[in-house]
Amino acid sequence: MLEMGSHHQLSRIMRPDDANIVGNVHGGTILKMIEEAGGIISTRHCNSLPGDRCVAALARVERTDFLHPMFIGEVAHVSAEITYTSRHSVEVQVNVLSENILTGAKKVTNKATLWYVPFCLQNVGKIIEVPPIEYSNPEQEEEGKKRYAAQKLDRLETKERNGDAIMPVLNPDRQTKEAYTVAFSQSSLIHLVGPSDCTLHSYVHGGVTMKLMDEVAGIVAARHCKTNIVTASVDAINFHRKIKIGCVVSVSGRMTFTSNKSMEIEVIVDADPLVDAEKGKFRAVTAFFTYISLDKEGKPLAIPPLKLENEEEHKRFEEGKARYLQNKAKRLAEKERQQ
Amino acid sequence: MLEMGSHHQLSRIMRPDDANIVGNVHGGTILKMIEEAGGIISTRHCNSLPGDRCVAALARVERTDFLHPMFIGEVAHVSAEITYTSRHSVEVQVNVLSENILTGAKKVTNKATLWYVPFCLQNVGKIIEVPPIEYSNPEQEEEGKKRYAAQKLDRLETKERNGDAIMPVLNPDRQTKEAYTVAFSQSSLIHLVGPSDCTLHSYVHGGVTMKLMDEVAGIVAARHCKTNIVTASVDAINFHRKIKIGCVVSVSGRMTFTSNKSMEIEVIVDADPLVDAEKGKFRAVTAFFTYISLDKEGKPLAIPPLKLENEEEHKRFEEGKARYLQNKAKRLAEKERQQ
Amino acid sequence: MLEMGSHHQLSRIMRPDDANIVGNVHGGTILKMIEEAGGIISTRHCNSLPGDRCVAALARVERTDFLHPMFIGEVAHVSAEITYTSRHSVEVQVNVLSENILTGAKKVTNKATLWYVPFCLQNVGKIIEVPPIEYSNPEQEEEGKKRYAAQKLDRLETKERNGDAIMPVLNPDRQTKEAYTVAFSQSSLIHLVGPSDCTLHSYVHGGVTMKLMDEVAGIVAARHCKTNIVTASVDAINFHRKIKIGCVVSVSGRMTFTSNKSMEIEVIVDADPLVDAEKGKFRAVTAFFTYISLDKEGKPLAIPPLKLENEEEHKRFEEGKARYLQNKAKRLAEKERQQ
């Protein structure tokens, strides 16, 4: 009954702590489950041949949409499948379904694509060769190759962008700030990485980091519009460096763009190995989260426009607008293709 | 890919918090997963026809063996199947498999049988009729009927055994004590120190100890006045000795003093390094917590006076009163200075 | 952004599990956050110069008042600052602010003062020298010196008071009991049922109760044989009455029987609806757990025989023996049938 090949399934009932006070499950909870399923299936696959043992580390999550809200008491079904392998990386596609066990209603809430890289356990830093999978037809392999090339390019570009200038400081005093400005809603949290955040080999699970990012983005969004807010999508996230147990992680968020019905929040994760003096603080991850605001019936509300106060904020707003329009165009194109 | 009928599967990677210090997963962790899978599949089944909605409550677990130990880092696969239905109950059989994703080794660790009864949500106390399942052959149904009859008999017998004479209780029996005495509200808990309670170097965070202390103090306060109680202050706490992972911590609280609107509770923390035989049990921390009682609007309520039963309690009450008056005087002095 | 010198800030949204059923955040939750912020800032400070690495351990918390209640859904902001350093200790002042992100209302809920001592990681027991901080004026340093002297005196006094006579313990004192008796290993815990222990309809999951039962049984077994112990089996468990949110559950365990290689522990669960005055305390569940003891290679060890002290214990031992022999016979019969 257990399918243990290239599929993996995980399901869990949603509890009060997985959700906000209105009962909507946090996007971060879902991202964490997606990554757990992806981590299990790719680690299992990369250890399927004899040789060095390895653990698959999350390298990238493609843009992910949250198609329907999920609620406390529903069962989340997360199923993962390996869809492409290159020499040193694994592509996993994950579907999330919500099931109301009282009414029987089921909804697809997410589709996500994750990339993993297998790190050797015996020889730290060494990357293992990935056993190839079998494709049902040559087109499948061809399309995977294209996706692989596209994500590789994007990872390189982000790496360069992050490298050249560590972004300026977030946390000035919010209290004196005007409502609807960037400074008013910007937020940050810190978290000391403990054992249950980590894999057996003391590196933070990618899903744990994404959950913290979603928490900060949610606080920024709620401060801006003071309503029930939910995650609508997350842009591609690249994980450049692994974070180890004992680090203090600081996660900061600021609003970059608002459209009529959505807000974009930039989230930055820095890691600080407190005790380990050799390594300094480093930028671990950055990403853009999009949130919407819901009324009591679950219908989208208008978003108060973001007040921009300086040139840099204007620049970031324009960049956010470009991403917004690009995603809109993509969604439209997809819809047409499906019809 | 999701089988949503009479099967249900759940899998989860085992974390440090699921296991003891040697890495063996706690039996309790496995029992909890087994019951989660059973609860989901039986609630889903009992809501599969139109009519009143219900939730399946666990009525009985048959004898369960733990065939092989499970370890941190392994993936637990829990699969549940409905194997018999009577008019008002559901039998679920659950198998647990451990998978080492590095070596690929798999082992059956548990086989369990659980019985659920569906309770109506609209009409509390009412039991719903269970939709019958289809059996692949008449023998299957016959054997289920026998298991049903056997468990029903055993449940009745235990009920009678429990009914006629409440067994002598282990701890100092609160039930025979008079209300508002020290003995009536005194409480204690034990906690096995796990990885997420600790720093990177395996010593308990001071904050974890304080949280347990407040939990016990809160239960003492609630037992005394049976209302919504909140922490008002904590006296200075000194941490004389550090507590290590794997210790059993016992935290005990007793009421020492009541004023009109507040209660003082003394909390004592003892640590017992179970396995580490060289060191004995030691007193780790003691402190005084002050609680107040609130009505529905959040206004302080009068506290029932503490009934003192012996000289020692009188002495502790007087000491508590002295601390109370001293703190009151300090607060007044501070107020005056600020004006 | 985060000032990483002598300031540190942490913020987190308050969840259902952080609070009681009325929504008031537990004092213990706040104390835990205060200590986390204090521990991070002082560990970072003490590692700011080259030399031995260390971790700052909490030595003392000054008297702390809870000025305003905090509620689920509010964001707690905890900010910590180093305000004094002596040669071997660090004083940290922590402020806690609650923010209602929907209304924007903010309130100071706590001010706390903590003292930390830096312990060397390479050389256990050695205390590191603390890098001095700079004071903005000489008065500041002078006042810090006075606070340091005052707390040192108080610490010494408590140590002496605790030293000369271990205070009478609340619970039936295990320490005066002979090893290997029932009274020596018997244990009990209390647990306040919170939201994540419950179904959507506020009844405790059967799995949560079983996990607590296994935890107590494990502590009884470890106290008896002081080795690595694991659950071998659980006898049939009947759940007669459902336990509701807000109840205090007390779980007690005592050893009933030992064979050469196994121990049987009886576990009793009582539920007490604290606030709900109409219903009294009731017996919710009872069960028998069997544990075995393992050596470092995972092989079963001999169990020290249980010392029986009265007639009742002899009676329970005989009943346990009967269950043991019955289960052994069943296992043998099953084996034969399978061959």
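Residues numbered from 1 in each chain as written. Chains lettered and ligands numbered in written order. Predicted model: local features only at pLDDT ≥ 70, side-chain atom pairs only at ≥ 80, totals over all residues. Heavy atoms only, no water.

S.K.: Go over the interface of chain C and chain B, please, and point to the residues and values.
M.R.: Each partner contributes residues to the interface: chain C has 91 residues there, and chain B has 90 residues. At the boundary of chain C with chain B, total buried surface from both sides reaches about 8100 Å², with 57% on carbon and sulfur atoms. Where chain C touches chain B, the interface holds 4 salt bridges. Inspection of the region where chain C meets chain B yields 26 residue pairs in polar contact (both at pLDDT 80 or more). Among the elements that make up the side of chain C that touches chain B, the one with the highest residue count is helix H4 (residues 206-225) of chain C (10 residues). Broken down by class, the residue content of the side of chain C that touches chain B amounts to 36 nonpolar, 29 polar and 26 charged. (Contact = heavy atoms within 4.5 Å. Buried area = accessible area lost by both parts, 1.4 Å probe. Salt bridge = Lys/Arg side-chain N within 4 Å of Asp/Glu carboxyl O. Polar contact = N/O pair within 3.5 Å; in protein donor to acceptor, adjacent residues only side chain to side chain. Helix = DSSP H or I, 4+ residues; strand = E, 2+ residues; numbered from the N terminus. Nonpolar A, V, L, I, M, F, W, Y, C, P; charged D, E, K, R; others polar.)

S.K.: So what's going on with the UniProt feature "active site" (unreviewed entry) in chain A? Residues and values would help.
M.R.: All names here are of chain A. The sites that UniProt annotates as "active site" (unreviewed entry) are Asn20 and Asp214. These annotated residues cover 195 residues of sequence, and their C-alpha atoms lie no more than 12.1 Å from one another, placing them together at a single site. Position of asparagine 20 among the secondary structure elements: in the loop between strand S1 (7-13) and helix H1 (27-46). Excluding anything up to four places from it in sequence, asparagine 20 contacts His26, Asn228 and Ile229. A polar side-chain atom of asparagine 20 sits 3.0 Å from the main-chain amide nitrogen of valine 22. Residues in contact with aspartate 214, not counting those within four places in the same chain, are His26, Gly27, Gly28, Thr231, Phe289 and Tyr291. A distance of 2.7 Å separates a polar atom in the side chain of aspartate 214 from the backbone nitrogen of glycine 28. (UniProt positions renumbered as here; feature names shortened; annotations may be inferred.)

S.K.: Which residues make up the relation of the copies chain C and chain B, and what are the values?
M.R.: Turning chain C through 180 degrees and shifting it by 0.0 Å along the axis lays it on chain B, with an RMSD of 0.1 Å. Here the copies are linked by what is in effect a two-fold axis. Taking C-alpha positions as reference, the residue of chain C nearest the rotation axis is Leu189(C), located at 2.0 Å. (Least-squares fit on C-alpha atoms with pLDDT ≥ 70 in both.)

S.K.: Lay out the interface of chain B and chain A with the relevant residues and their values.
M.R.: Counting from both sides, the interface comprises 37 residues of chain B and, opposite them, 36 residues of chain A. Note on chain B versus chain A: buried area summed over both sides is about 3300 Å², and carbon and sulfur give 66% of it. At the boundary of chain B with chain A, the tally comes to 4 salt bridges. For Arg15(A), the salt bridge goes to Glu36(B), with nearest N and O atoms at 3.4 Å. Put simply, chain B and chain A have 9 residue pairs in polar contact (both at pLDDT 80 or more) between them. Going through the elements one at a time, strand S1 (7-13), helix H1 (27-46), strand S4 (75-85) and strand S5 (90-99) of chain B are the ones with two or more residues in the side of chain B that touches chain A. A total of 7 residues in the side of chain B that touches chain A trace back to one element, the largest contributor, which is S1(B). For the side of chain B that touches chain A, a count of residues per class yields 16 nonpolar, 12 polar and 9 charged.

S.K.: Which residues make up the side chain of Ser293(A), and what are the values?
M.R.: Residue and element names in this part refer to chain A. Tracing the chain through its elements places serine 293 in strand S12 (residues 282-294). The exposure class assigned to serine 293 is buried, which follows from its relative accessible area of 1%. In terms of polar contacts, serine 293 uses its side chain to reach the side chain of threonine 227, at 2.7 Å. Discounting residues that sit within four places of it in the chain, serine 293 has contacts with Cys225, Thr227, Asn228, Ile229, Met263, Lys299, Pro300, Leu301 and Ile303. (Buried < 20%, exposed > 50% of the residue type's maximum accessible area, 1.4 Å probe, protein only.)

S.K.: Talk me through the environment of Phe289(A); I want residue IDs and the actual numbers.
M.R.: Residues and elements named next belong to chain A. As for its position among the elements, phenylalanine 289 is in strand S12. What makes phenylalanine 289 buried here is its relative accessible area of 0%. Placed 240 residues apart in sequence, phenylalanine 289 and leucine 49 show a C-alpha to C-alpha distance of 38 Å. Filtering out sequence-adjacent residues up to four positions away, phenylalanine 289 remains in contact with Leu31, Met210, Met213, Asp214, Ala217, Thr231, Ser233, Val234, Met263, Glu264, Ile265 and Val267.

S.K.: Before we move on, can you summarise the pairing of strand S7 (residues 187-192) of chain C with the specific residues and values?
M.R.: Residues and elements named next belong to chain C. With 5 of 6 residues buried, S7 lies mostly within the body of the structure. Pairing analysis gives 6 bridges linking S7 to strand S10 (residues 248-258), with the strands arranged antiparallel. By the bridge assignment for S10, leucine 192 is matched with valine 248. (Pairing = 2+ DSSP bridges.)

S.K.: Could you give an account of the packing of helix H4 (residues 206-225) of chain B against helix H1 (residues 27-46) of chain C, naming the residues involved and the relevant values?
M.R.: The angle between the axes and the distance between the axes are what describe a pair of packed helices. For the pair H4(B) and H1(C), the least separation of the axes is 8 Å and the interaxial angle reads 170 degrees. Between H4(B) and H1(C), the crossing angle belongs to the class labelled roughly antiparallel. The residues of H1(C) that touch H4(B), namely those facing Gly206(B), Gly207(B), Val208(B), Met210(B), Lys211(B) and Asp214(B), are Gly27(C), Gly28(C), Thr29(C), Leu31(C), Lys32(C) and Glu35(C). Tallied by class, residues from the contact of H4(B) with H1(C) come to 3 nonpolar, 5 polar and 4 charged. (Axes fitted to C-alpha atoms, helices over the stretch in contact; angles between N-to-C directions. Parallel < 35°, antiparallel > 145°, perpendicular 65-115°, else oblique.)

S.K.: Could you give me a rundown of the pairing of strand S11 (residues 263-273) of chain A, with the residues and numbers involved?
M.R.: Residues and elements named next belong to chain A. Burial runs high along S11: 11 of the 11 residues are buried. Neither face of S11 is open: one carries Met263, Ile265, Val267, Val269, Ala271 and Pro273, the other Glu264, Glu266, Ile268, Asp270 and Asp272, and all of them are buried. In terms of strand pairing, strand S10 (residues 247-258) meets S11 through 11 bridges, oriented antiparallel. Bridged to arginine 254 within S11 is glutamate 266.

S.K.: How would you explain the domain arrangement of chain A if you had to name every residue and give the values?
M.R.: Residue and element names in this part refer to chain A. What the domain assignment lists for chain A is domain 1 (7-153) and domain 2 (174-338). When each unit is reduced to the centre of its C-alpha atoms, the spacing between domain 1 and domain 2 is 21 Å. Counting the surface lost from both domain 1 and domain 2, the interface buries some 2100 Å², and carbon and sulfur atoms represent 58% of this. Contact with domain 2 buries surface across domain 1, with Leu31, Lys32 and Arg63 losing the most and accounting together for 27% of the total. Run the count over domain 1 and domain 2 and you get 1 salt bridge. With its nearest N and O atoms 2.6 Å apart, the salt bridge here joins aspartate 235 to arginine 63. Linking domain 1 with domain 2 are 13 residue pairs in polar contact (both at pLDDT 80 or more), by the criterion used here. (Domains from an automatic or database assignment.)

S.K.: Which residues make up the confidence of the model for chain A, and what are the values?
M.R.: Residues and elements named next belong to chain A. Per-residue pLDDT for chain A has a mean of 87; in total, 93% of the residues score no lower than 70. Mean pLDDT per element in chain A: S1 is the minimum at 81, and strand S5 (residues 90-99) is the maximum at 95. The model gives residues 1-5 a pLDDT under 50, and that stretch makes 13 contacts with residues more than four places away or in other chains. (pLDDT = per-residue confidence, 0-100.)

S.K.: For the environment of Lys152(B), give the residues involved together with the corresponding values.
M.R.: Among the structural elements, Lys152(B) can be located in helix H2 (residues 138-164). Taking the C-alpha atoms as reference points, Lys152(B) and Glu178(B), 26 residues apart in sequence, are found 39 Å from one another.

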